[in-house]
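# Descriptive structure summary
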Amino acid sequence: MLAARAVRQSAEEPLSGLEVADGPPGAVPEGWVRVRVRTAALNHHDLWSLRGAGLPAKLLPMVLGCDAAGVTDDGREVLVHAVVSSDDWRGDETLDPGRTLLSELHPGTLAEEVFVPARNLVAKPASWTFERAASLGTAWLTAYRMLFTQAQATPGQTVLVQGAAGGVSSALVALGSAAGLRMWVTGRDPERVEQAVAWGADRGFAAGERLPEKVDAVMESVGKATWQHSVRALRPGGTIVVCGATTGGDAPAQLEHVFFRQLRVLGSTMGTLEEFQRMVRFCELRDLAPAVDSVHPLPEARAAFERLESGQARGKVVVTV
Ligand SMILES: NC(=O)c1ccc[n+]([C@@H]2O[C@H](COP(=O)([O-])OP(=O)(O)OC[C@H]3O[C@@H](n4cnc5c(N)ncnc54)[C@H](OP(=O)(O)O)[C@@H]3O)[C@@H](O)[C@H]2O)c1
C-alpha cells in the first residue's frame, strides 16, 4: 500500500524522516471500517510527528495524516473524523485521557486506505468534491471549537486571529465571518495579511501592531511570537483560546494582565464528532469552502510536505490518491 510514512524523527530536519513508498497493507480492526482514501490534507501536526513531538519513536514507521475523504467498502462517500477515543469513553472525546489522533497510534490518512472506527465517519455532502471535504478536517474542526464552543463568540463581537494564512487561521476567518463576527488578523508578511482580507477578514495588521481597540477574543496558535500581543489585545474579561504554539510554548505568562483584567485563557484541542457534524452542516448551509493552497498526487507527497514546511502555504495543502 502506497503511503507517506514517518520512518525517522529529526527536530532540525523533519523531512529527512519522510518516506513515500509501498508497504504492507494492514488488517481492519474489529468494529472499524476501511476507507479508500480519495483525498487527504496535511496539517502542522504531520511536521510535529516527523520532528518527534506527539509520536513515540517506538511506533515508527507510522503512516502520517489526520484528514481524509474517501469511499467505504459499501460505497459511502465520507469524511473521516480524526479523534479516536477509548471504546468505553462516553461524552466529549477530546477530554478522554486515552484519545489519540489518526497517525499517533493508528496509521493515518496519507495512504491509499485508512482504517477508522465506524462511528468516526461523517457523510460527505453530495455536491462537495473530495478535495473540499478532506480540507475541512483538523484545522477547521479546531477552529470551529475554538470560536463557538470555547470562546462562545457571538455575532457582532471582534475576534483577533494570530497568524494570517495558515490552515487554522484561514479556517477561523472563514467560519467567524460567516457567523457574523468581526474578524481581525495579524500576519508576518503583508501579502499574507492581504490574502486573509481577501478571504473575508475585516481587517489585517502586522504582527505585534497596536490595534485600534481591544477585542473580545483572541485565537492563538502561534505561541511565543505573538502571546504578549494576544494578552494585551484583550478587553477586560476577554478570552484567549490557544490551540497551538508553533513558535514555542515558553512565552512569559504576563499574570499581572491576566488577573487584573480578569482574562480567561482556555486551551482547545480538535473537536468532538458532534462538533464535526455541526461544522460540516454549517459549511454546507453557508457554502463555505476551504482555501486550498496546492494539490499533490500521493507519489509526490514529499512536495506537499516541503510546501507546508516552507511556511508559505496559503490555506490547505492537499494530497490526492
Ligand atoms: N490543538 C489542536 O487540536 C490543533 C489543531 C490544529 C493545529 N494545531 C496547532 O496550531 C498550529 C498551526 O497549525 P496550522 O495547521 O494552521 O499550521 P500552518 O498551516 O503551517 O500555519 C502556520 C501559522 O502560524 C503562523 N506563524 C508561524 N510562525 C510565525 C511567527 N514566527 N510569527 C507569527 N506567525 C507565525 C503563520 O502565520 P502567517 O500566515 O502570518 O505566516 C500561519 O498562520 C500548529 O502548531 C499546530 O500544531 C493544534
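Residues numbered from 1 in each chain as written. Predicted model: local features only at pLDDT ≥ 70, side-chain atom pairs only at ≥ 80, totals over all residues. Heavy atoms only, no water.

A few words now on the overall build of the chain. The helix and strand tally for the chain stands at nine helices and 18 strands. Taking 20 Å as the expected radius of gyration for a compact globule of 321 residues, we find that the chain reaches 19 Å, a close match to that expectation. Principal-axis analysis of the C-alpha atoms places the extent of the chain at approximately 55 × 40 × 40 Å. A fraction of 70% describes how many contacts in the chain between residues 6 or more apart in sequence connect residues 24 or more apart. Accessible surface computed for the chain: about 13800 Å², of which carbon and sulfur atoms make up 51%. One way to put it: in the chain the 32 positive side-chain charges average out to a point 5 Å from where the 37 negative ones average out. (Helix = DSSP H or I, 4+ residues; strand = E, 2+ residues; numbered from the N terminus. Rg over C-alpha atoms; globule rule 2.2 N^0.38 Å. Contact = heavy atoms within 4.5 Å. Areas by Shrake-Rupley, 256 points an atom, 1.4 Å probe, with all protein chains shown as cover. Lys, Arg positive; Asp, Glu negative; His and termini not counted. Charge placed at Lys NZ, Arg CZ, Asp CG, Glu CD.)

Quick look at unusual backbone geometry now. For the bond running from Leu-60 to Pro-61, omega is -5°, close enough to zero to count as cis. Considering the arrangement of structural elements, one finds Pro-61 in the loop between helix 1 (44-51) and strand 4 (62-63). Positive phi, normally seen in glycine, also occurs at Ser-103, with a value near 90°. Along the chain, Ser-103 falls in the loop between strand 8 (100-101) and strand 9 (113-117).

Among the structural elements, Phe-305 can be located in helix 9 (residues 301-310). Considering only alpha carbons, one finds Phe-305 and Val-319, 14 residues apart in sequence, at a separation of 9.9 Å. In this structure Phe-305 touches Ala-4, Leu-15, Leu-18, Leu-42, Asp-46, Leu-47, Leu-50, Leu-64 and Leu-110, once residues within four positions along its chain are discounted.

Approximately 1300 Å³ is the volume found for the largest pocket. Along its surface, the largest pocket is lined by 50 residues, and His-44, Trp-48, Val-168, Ser-221 and Thr-246 are the ones closest to its centre. Listing elements by their share of the lining of the largest pocket, those giving two or more residues are helix 1, strand 8, helix 3 (138-150), helix 4 (167-178), strand 12 (182-187), helix 9 and strand 18 (316-320). At five residues, helix 1 tops the list of elements feeding residues into the lining of the largest pocket. (1 Å grid on protein atoms, 1.4 Å probe; cavity = no way out; pocket = protein on both sides within 12 Å on 5 of 7 lines; lining within 4 Å. Points joined across faces, edges and corners; volume = space filled by probe spheres on them.)

Now for the pattern of salt bridges. Going through the model one piece at a time under the given rule, you end up with 15 salt bridges. As a salt-bridge pair, Asp-73 and Arg-34 come within 3.2 Å of each other at their nearest N and O atoms. Linking Asp-73 in the loop between strand 5 (67-72) and strand 6 (77-80) with Arg-34 in strand 3 (residues 32-41), this pair joins segments that are 39 residues apart in sequence. Residue classification places Asp-73 among the partly exposed positions, given a relative accessible area of 48%. A relative accessible area of 23% means that Arg-34 is categorised as partly exposed. Glu-113 is the salt-bridge partner of Arg-34, the closest N and O atoms lying 3.4 Å from each other. Placement of the pair is Arg-34 in strand 3 and Glu-113 in strand 9, with a sequence separation of 79 residues. Through salt bridges that share partners, Arg-34, Arg-36, Asp-73 and Glu-113 make up one connected network. (Salt bridge = Lys/Arg side-chain N within 4 Å of Asp/Glu carboxyl O. Buried < 20%, exposed > 50% of the residue type's maximum accessible area, 1.4 Å probe, protein only.)

Turning our attention to the domain arrangement of the chain. Taken domain by domain, the chain holds domain 1 (2-136 + 289-320) and domain 2 (140-267). Here domain 1 and domain 2 have C-alpha centroids that lie 26 Å from each other. Domain 1 puts 16 residues into the contact, and the matching count from domain 2 is 13 residues. Taking both sides of the interface into account, the surface hidden between domain 1 and domain 2 amounts to around 1100 Å²; carbon and sulfur atoms contribute 52%. At the surface where domain 1 touches domain 2, the tally comes to two salt bridges. The partner of Arg-145 in a salt bridge is Asp-92, and the shortest N-O contact between them spans 2.9 Å. Counting across the interface, domain 1 meets domain 2 through seven residue pairs in polar contact (both at pLDDT 80 or more). When the residues that make up the side of domain 1 that touches domain 2 are grouped by side-chain class, the tally is six nonpolar, seven polar and three charged. (Domains from an automatic or database assignment. Buried area = accessible area lost by both parts, 1.4 Å probe. Polar contact = N/O pair within 3.5 Å; in protein donor to acceptor, adjacent residues only side chain to side chain. Nonpolar A, V, L, I, M, F, W, Y, C, P; charged D, E, K, R; others polar.)

With parallel pairing, the six strands of this open sheet are ordered in space as 13-12-11-14-15-16. Two strands bound the open sheet, and with one partner strand each, they are strand 13 (203-206) and strand 16 (264-267). Neighbour-to-neighbour, the strand axes of this sheet turn through a mean angle of 20°, independent of strand direction. As paired strands, strand 14 (residues 215-220) and strand 15 (residues 234-242) are joined by five bridges and run parallel to one another. Along strand 15, the bridge assignment pairs Glu-220 with Val-242. Its contacts with the sheet place helix 4 against strand 11 (158-162), strand 12 and strand 14, and it is angled at close to 165° to strand 12. (Pairing = 2+ DSSP bridges. Axes fitted to C-alpha atoms, helices over the stretch in contact; angles between N-to-C directions.)

Counting 49 residues, the largest nonpolar core has Trp-140, Leu-175, Met-219 and Met-279 as its most contacted members. Among the elements that take part in this core, helix 3 stands out by supplying seven residues, more than any other. If you count residues domain by domain, this core takes at least three from each of domain 1 (2-136 + 289-320) and domain 2 (140-267). Contacts of Met-219, omitting those with residues within four sequence positions, involve Met-146, Leu-147, Ala-151, Val-159, Leu-160, Val-161, Gln-162, Leu-172 and Val-241. (Core = buried A, V, L, I, M, F, W, Y, C linked by side-chain atoms within 4.5 Å.)

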